[in-house]
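Structure at a glance
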Amino acid sequence: MKVEPQRSCIGCGEKKDKKDLLRIVRSPEGEYAVDLQGRKNGRGAYLCKNLSCLEKAEKKKAFFRSFKEAIPKEDLDRLREEIKEIAEYLIENKKSIYI
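Here's what I pulled together on the structure shown here.

**Focus on the side chain of R26**
Inspection of the secondary structure assignment puts R26 in strand β3 (residues 22–26). At a separation of 2.4 Å, a polar atom in the side chain of R26 contacts the main-chain carbonyl oxygen of F67. Once you skip the residues sitting within four places of it in the chain, R26 turns out to touch E31, Y32, N41, G42, R43, F67 and E69.

**Things to note about the pairing of strand β4 (residues 32–35)**
Of the two faces of β4, the one holding Y32 and V34 and the one holding A33 and D35 are both buried throughout. Hairpin remark: β3 followed by β4, antiparallel, with five residues in the connecting loop; positive phi at G30, about 90 degrees.

**Let's talk about the nonpolar core**
Membership of the largest hydrophobic core comes to 23 residues, with the highest contact counts inside it found for I24, L47 and F63. Of all elements in the fold, only β3, β4, β5 (43–47), α1 (51–59), α2 (62–67) and α3 (73–93) reach the threshold of two or more residues within this core. Per element, the largest residue contribution to this core is five residues, and it comes from α3. Apart from residues lying up to four places away in sequence, L47 is in contact with C9, I10, G11, L21, L22, I24, C53, L54, A57, F63 and I83.

Scoring rules and cut-offs
- Residues numbered from 1 in each chain as written.
- Predicted model: local features only at pLDDT ≥ 70, side-chain atom pairs only at ≥ 80, totals over all residues.
- Heavy atoms only, no water.
- Helix = DSSP H or I, 4+ residues; strand = E, 2+ residues; numbered from the N terminus.
- Polar contact = N/O pair within 3.5 Å; in protein donor to acceptor, adjacent residues only side chain to side chain.
- Contact = heavy atoms within 4.5 Å.
- Buried < 20%, exposed > 50% of the residue type's maximum accessible area, 1.4 Å probe, protein only.
- Pairing = 2+ DSSP bridges.
- Core = buried A, V, L, I, M, F, W, Y, C linked by side-chain atoms within 4.5 Å.

This is how it looks when you write it as structure tokens:
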């Protein structure tokens, strides 16, 4: 039996299977994005699939700790919209995030 890798949500701190979390990645070019497949190059941080963990991560300055820099407000707003769309899609279709 294969053991699923565990990761911690930077918002709530809860440990979950890697596939049950969203990966936020900073590319080598400095761009931030949601990595649905978990394969993009760059430094990553994991969040639960809900906006409350994103807001907790913002309050705790967890992005700064994970990425060694603050995420620009425009990028954070864009990530918030992406996570909201992903969460709504998952709720409607009851599917896994990995495409």
